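Residue strings, one per chain:
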Amino acid sequence: MKRTKYRGIAVLLCALLALSGCGAQTSEETSSATDTAASEEAAVTTVSTIDTASLFSDRDLEGTYDESAAIAIELNGDSASCDSDAVVIEGSRVTIGAEGVYLLSGTLTDGQIVVNAGETDKVQLVLAGANITSSTSAAIYALEADKVFVTLAEGTENTLTNGGEYVAIDDNNIDAVIFAKTDLTLNGSGSLTINAQAGHGVVSKDDLVITGGSYTVTAASHGLSGKDSIAIADGTFHITSGKDGIHAENADDLSLGTLYIADGSYTIAAQGDAISAQGALQIDGGTFDLYTGEGSASVDLATSDAGQMGGGPWGEMGAQVETTVTETEEDSVSQKGIKGESTYTINGGTFTIDSVDDCLHAGGVMTIVAGTFTLSSGDDAVHCDDALTIQSGTFTISYCYEGIEGLSITIEDGTFNITSSDDGLNAAGGADSSGFGGFGGRPQDTFASSASDESIFMTINGGTFTVVSSGDCLDSNGDLTINGGTLELTCNGNGDTALDCDGTYTNNGGEVTTNDGSEENPGQMGGGQPGGGRPDGANGGGRPNGQTLPSNT
């Protein structure tokens with residue numbers, strides 16, 4: 001929305017300049033400029049799967065406080081001091097019982113800050129050089145309030161630590177350095193280091209909102225976790241986690257567990273997924289450097305001389321892909337880059353992902369509007385269980401099993417450089433044997449159970465494609481239609497083709513170059529189904545030398 005607003009201002013200024021000093025433009029030039037502006041405007045039109053209008057309040061975004069009105073809490077080793085009746089200090093436990101702004105500074109060597117206010121109260125904890133350690137629980141525990149703000153004061157460095165275990169202090173399962181039963185907002189411009197020797201870094205059992213600050217999180221489990229939702233407007237994040245780096249999930253209501261990221265910088269090394277959402281996922285911008293497990297190099301995608309895995313229900317099975325993972329855990333561990341189990345939208349950003357499993361994975365409809373993607377995967381670089389649409393973007397995929405895979409694939413524009421161990425692009429290719437699971441221990445990537453023949457297709461309307469594959473370069477288990485674009489396709493597989501489809505192949509104007517003649521001889525593609533695979537019922541055909549080609553999935 002911001003990009004559209006600023007672009008509109010720029011167009012208005014250009015129009016005013018044209019009226020005042022550029023009157024010599026011809027109507028043809030003006031028309032051309034208008035067309036270009038309209039085209040650029042269309043190119044940055046975002047897609048929204050999450051209603052973002054109410055995610056951030058003004059107070060969330062401001063990240064400021066009135067120091068003169070703040071209640072000061074001095075942390076002094078194994079004790080603390082405060083003059084307010086709203087604060088109760090019992091040894092090293094500090095309990096805040098009323099709405100207000102509380103300024104915390106100093107060191108608490110083994111203690112805890114507890115918020116236990118009224119259910120309509122808003123409590124702001126300002127960390128201004130605070131160092132809090134709890135050896136057996138959360139350093140900050142928000143038990144009761146309407147919302148708790150943790151604000152990082154400008155120019156300050158703060159540290160929160162758990163010592164390695166969580167001992168029950170009430171009926172709640174406290175398992176994070178910052179643990180909130182309430183809505184929780186992290187904001188401000190200072191820095192916060194979180195050390196979770198056990199459990200998670202930050203947990204909100206309601207909504208987790210982050211709008212600013214610099215965060216270094218080391219956690220045995222998830223780095224950041226929100227039950228109902230996570231919404232991030234901005235911030236700098238360095239996360240090392242034993243499970244997911246950023247995790248949104250509500251096991252009680254599958255419509256929740258949503259994740260929205262507007263901007264920010266993210267460096268994540270996770271033993272689970274780097275970023276994971278059970279519900280809808282939307283990313284509008286940001287810079288992402290994501291690494292999962294031991295990285296894509298821990299998966300050996302080498303193949304034998306006989307070629308890649310081929311076949312399917314009717315074709316012959318080629319050589320199996322040798323998939324060797326250095327992890328000792330079971331394959332049910334999900335180690336994807338960015339995973340969303342519902343609708344999935346990326347409107348922009350810069351993404352560098354090196355993951356054991358899929359780099360980008362959607363369980364529902366996936367839309368990629370724009371972005372720069374440098375992807376290396378031990379499985380699929382981009383996988384969508386449902387319909388996948390790519391409007392634009394730059395994709396550099398240097399290592400993967402399959403490059404881009406969806407139930408259906410529609411590509412409007414973009415630049416694609418793909419090197420794949422199996423297919424470069426695959427529409428409804430079946431369950432990958434190289435999948436490493438997801439929510440519920442799902443062992444393989446799957447496609448929508450309601451899929452019909454009409455929902456399986458690949459359509460390319462534009463873009464530039466350079467694909468080098470050991471499987472098929474483009475493989476559609478339905479129709480394959482190329483309406484535009486430039487495609488340079490090199491298939492190095494034995495028994496595979498640059499172009500393969502089980503339905504109808506149509507080229508309405510794309511510039512397609514193949515190394516095996518499959519564009520010049522589209523009737524020689526795949527098929528492999530007795531009496532099927534082509535409208536005329538041909539039996540799959542063969543290469544010009546007469547070799548029969550099995551259908552590849």
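Residues numbered from 1 in each chain as written. Predicted model: local features only at pLDDT ≥ 70, side-chain atom pairs only at ≥ 80, totals over all residues. Heavy atoms only, no water.

### What to know about the overall build of the protein chain
As a reminder of what qualifies: Helix and strand labels come from DSSP, where a helix needs a run of H or I of at least four residues and a strand needs a run of E of at least two; each type is numbered from the N terminus. Buried, partly exposed and exposed residues are distinguished by accessible area as a fraction of the type maximum, computed with a 1.4 Å probe on protein chains only: under 20%, between the cut-offs, and over 50%, respectively. The contact definition used throughout considers only heavy atoms, calling two residues in contact when any of these lie within 4.5 Å. Here the open area of atoms and residues is found with the Shrake-Rupley method and a 1.4 Å probe, where only the protein chains shown may cover a residue.
When helices and strands are tallied, the protein chain shows three helices and 44 strands. For the protein chain, the proportion of its 553 residues judged to be buried stands at 53%. Taking all contacts inside the protein chain whose residues are at least 6 apart in sequence as the whole, residues at least 24 apart take part in 54%. Accessible surface, the protein chain as shown: approximately 21600 Å² in total, 48% of it carbon and sulfur.

### Description of the nonpolar core
Generally speaking, nonpolar side chains in soluble globular proteins are found buried as a group. The condition is simple: Residues belong to one nonpolar core when they are buried, are Ala, Val, Leu, Ile, Met, Phe, Trp, Tyr or Cys, and are joined through side-chain atoms within 4.5 Å.
Grouped together as the largest cluster of nonpolar side chains are 102 residues, with contacts concentrated most on I113, L125, I246, I338, L360, I404 and L474. Once you skip the residues sitting within four places of it in the chain, I246 turns out to touch L224, I230, I232, I239, L259, Y266, I268, A274, I275 and S276.

### Quick notes on the environment of A117
With respect to the element layout, A117 can be found in the loop between β6 (112-116) and β7 (122-134). Considering only alpha carbons, one finds A117 and E99, 18 residues apart in sequence, at a separation of 6.7 Å. Look past the residues within four positions of A117 in its chain and what remains in contact with it is I96, G97, A98, V123, E144 and A145.

### So, the pattern of salt bridges
Formally: Between Lys or Arg on one side and Asp or Glu on the other, a salt bridge is scored when a side-chain nitrogen of the former is within 4 Å of a carboxyl oxygen of the latter.
Inspection of every chain in the model, using the stated rule, returns five salt bridges. The partner of K339 in a salt bridge is D273, with the nearest N and O atoms 2.8 Å apart. One end of the pair, K339, is in strand β26 (residues 338-340); the other, D273, is in the loop between β22 (265-270) and β23 (275-277), with 66 residues separating them in the sequence. Note on accessibility: K339 and D273 belong to one class, buried. Notably, a salt bridge pairs D357 with K336, separated by 3.0 Å at the nearest N-O pair. In this pair, D357 is assigned in the loop between β28 (350-355) and β29 (360-362) and K336 in the loop between β25 (287-292) and β26, connecting sequence segments 21 residues apart.

### Concerning the packing of aromatic side chains
Just so we agree on the cut-off: Any two of the Phe, Tyr and Trp rings considered here, Trp counted by its six-membered ring, make a pair once their centres fall within 6.5 Å; the pair's planes then place it as stacked at under 30 degrees, edge-to-face at over 60, or tilted in between. Whether a charge lies above a ring is judged from NZ of Lys or CZ of Arg, which has to be within 6 Å of the ring centre and within 35 degrees of the ring normal.
Tallying each qualifying case throughout the model produces 10 aromatic pairs. Taking 5.3 Å as the distance between ring centres and 10° as the angle between the ring planes, the aromatic pair formed by Y215 and F237 counts as stacked. Separated by 22 residues along the polypeptide, Y215 in strand β16 (residues 214-219) and F237 in strand β19 (residues 236-241) bring together distant segments of the chain. Overall, Y215 belongs to the buried group, its relative accessible area being 2%. Ring centres 4.6 Å apart and planes at 10° place the aromatic pair F373 and F395 in the stacked group. Of this pair, F373 sits in strand β31 (residues 372-377) while F395 is found in strand β33 (residues 394-399), placing the two residues 22 residues apart along the sequence. The class of F373 is buried, set by a relative accessible area of 0%. We classify F395 as buried; its relative accessible area is 0%. Taken together, Y215, F237, Y266, F288, F351, F373, F395, F416 and F465 form an aromatic cluster joined through their ring pairs. Looking at R59, its charged tip hangs above the ring of F149, at a distance of 4.5 Å from the centre.

### Quick word on the environment of K122
Residue position: K122 is located in strand β7. For K122, the contacting residues outside a window of four places in its chain are R59, E99, G100, D146, K147 and F149.

### Looking at the pairing of β16
Rule in force here: Pairing between two strands is assigned when DSSP locates at least 2 bridges connecting them.
Of the two faces of β16, only one is covered, namely that formed by Y215, V217 and A219; the face formed by S214, T216 and T218 stays uncovered. Here strand β13 (residues 191-196) pairs with β16 via six bridges, running parallel. Residue pairing in the sheet places S191 in a bridge with S214 of β16. Pairing of β16 with β19, which is carried by six bridges, proceeds in the parallel orientation. In the sheet register, S214 faces β19, and the bridge partner there is T236.

### Here's the deal with the state of the cysteines
The test is simple: The disulfide criterion is simple: two cysteine sulfur atoms within 2.5 Å.
Applying the stated criterion across every chain yields a total of zero disulfides. Of all cysteine sulfurs, the one in C359 lies closest to C400, which takes part in no disulfide; the gap is 8.3 Å. You can call C400 buried: its relative accessible area is 2%.

### Structural notes on the pairing of strand β14 (residues 200-204)
By the criterion of burial, β14 is predominantly enclosed, with five of the five residues buried. Pairing analysis gives four bridges linking strand β11 (residues 176-180) to β14, with the strands arranged parallel. Across the sheet, I178 pairs through a bridge with V202, a residue of β14. Where β14 and strand β17 (residues 224-226) come together, three bridges link them in parallel fashion. Across the sheet, the residue bridging to V203 is S225, located in β17.

### Details of the side chain of T459
Looking at the secondary structure, you find T459 in strand β37 (residues 457-460). With near-sequence residues (within four places) excluded, T459 lies in contact with I409, T410, I411, T481 and N483.

### Considerations on the environment of G235
Position of G235 among the secondary structure elements: in the loop between β18 (229-232) and β19. For the pair G235 and L186, spaced 49 residues apart in sequence, the C-alpha to C-alpha distance is 9.7 Å. Excluding residues within four positions of it along the chain, G235 makes contact with G212, G213, G264 and S265.

### Examining the confidence of the model for the protein chain
What counts here: Scored between 0 and 100, pLDDT is the confidence that the predictor attaches to each residue.
For the protein chain, mean pLDDT is 83; residues scoring 70 or higher make up 76% of the total. Note on residues 1-42: pLDDT under 50 across the span, and 15 contacts to partners over four residues away in sequence or across chains. Confidence drops under a pLDDT of 50 for residues 303-330, and excluding neighbours within four residues, the segment shows 66 contacts in the predicted structure.

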